[in-house]
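Residue-level structural notes
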Amino acid sequence: MEPENKPSPPPTDFDQFARNYRDVHDVNLKPSGFPSDYFAAQKARILVEESPAPDAGSPLRLLDVGCGTGRLEALILAARGGSAGIQMEGIDVSAQSVEEAQSQQLPGAAFRVYDGQHIPFDADSFDVIVFCCVMHHVPPAIREPLLKECRRTLKPGGGLFLFEHNPLNPLTQYLVKSCPFDGDAILLRSGPAADLLRRAGFRVLAKSFINFFPNRGVFQKLMPLENRLRRLPLGAQYYLRAARAD
Ligand SMILES: C[S@@+](CC[C@H](N)C(=O)[O-])C[C@H]1O[C@@H](n2cnc3c(N)ncnc32)[C@H](O)[C@@H]1O
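Predicted model, so just to flag it, every value in this text is computed and none were measured. (Residues numbered from 1 in each chain as written. Predicted model: local features only at pLDDT ≥ 70, side-chain atom pairs only at ≥ 80, totals over all residues. Heavy atoms only, no water.)

Here we take up the packing of helix α5 (residues 140-153) against helix α7 (residues 190-199). For the pair α5 and α7, interaxial distance at closest approach is 9 Å and the crossing angle is 55 degrees. By the angle class used here, α5 and α7 are oblique. In the crossing of α5 with α7, the sense of the turn from one axis to the other is right-handed. Residue-level inspection shows R143, E144, L147 and K148 of α5 in contact with α7, the latter providing L196, L197 and R199. When the residues that make up the contact of α5 with α7 are grouped by side-chain class, the tally is three nonpolar, no polar and four charged. (Axes fitted to C-alpha atoms, helices over the stretch in contact; angles between N-to-C directions. Helix = DSSP H or I, 4+ residues; strand = E, 2+ residues; numbered from the N terminus. Parallel < 35°, antiparallel > 145°, perpendicular 65-115°, else oblique. Left-handed = near helix turned anticlockwise from the far one by under 90°. Contact = heavy atoms within 4.5 Å. Nonpolar A, V, L, I, M, F, W, Y, C, P; charged D, E, K, R; others polar.)

Scanning the model with the defined rule gives 14 salt bridges in all. Two residues, E149 and R152, come together in a salt bridge whose shortest N-O distance is 2.8 Å. Of this pair, E149 and R152 both sit in helix α5, separated by three residues, roughly a single helical turn. Its salt-bridge partner being D195, residue R198 comes within 3.0 Å of it at the nearest N-O pair. With R198 and D195 both in helix α7 and three residues apart, this pair spans about one turn of that helix. Its relative accessible area of 38% is what places D195 among the partly exposed residues. The network of salt bridges with common partners includes R19, E99 and E100. (Salt bridge = Lys/Arg side-chain N within 4 Å of Asp/Glu carboxyl O. Buried < 20%, exposed > 50% of the residue type's maximum accessible area, 1.4 Å probe, protein only.)

What follows is the structure in structure tokens.
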């Protein structure tokens, strides 16, 4: 049976991790040799480098689905050197996480709770929509409807980025099994994730595998090779970049 077809386990209540999300994650990630922020900063850099340009004279409008405590927004601001030219919206089902995100008072970023399926914005609102390690927490039955909502709210010419854990990587499997907030995780392989995007009305433009080596011993010497391995489906994570199919 495909993992996506398994019955959904009870959803993780991310409210209980809102205050100490990063600390819990840091402990979980110890075997990788990297802190949690390393991975989040990497995604922020990728978004800054690979996002499509906004309409002339308009700011880049970015929607972060499953924004959690707003860490990605803080790291995007750091990577861009400020909030000039960007407007970010974060949505999440966890009220405590959203409260935590709001408490940062980040310039150019707003956060709100939503129902997990219906995106509370008008059609054609965003240049970029991102899921950062969120889809494996979304019950399989609502993944496609949620992505169809993304299709509705993404501008023509906009880009959707789906960052996910790669179930083909053994360290990923270990870290997910031992993570206190991954009890509800149903991982998606990159192929089914791409099919899901296509069914929801997207064209997949690129697939990249990332995070091949732990930050330890001899593996550290291999890390400069990572960029050349992007097509090898063994990285601990991957991301898909997609555009509206029409
Ligand atoms: C592992 S956390 C990642 C948080 C954030 N993206 C980050 O990278 O720091 C997963 C987040 O997904 C949220 N989530 C779960 N189901 C969701 C849904 N249907 N829509 C949006 N967010 C959801 C959780 O509340 C949680 O904040």
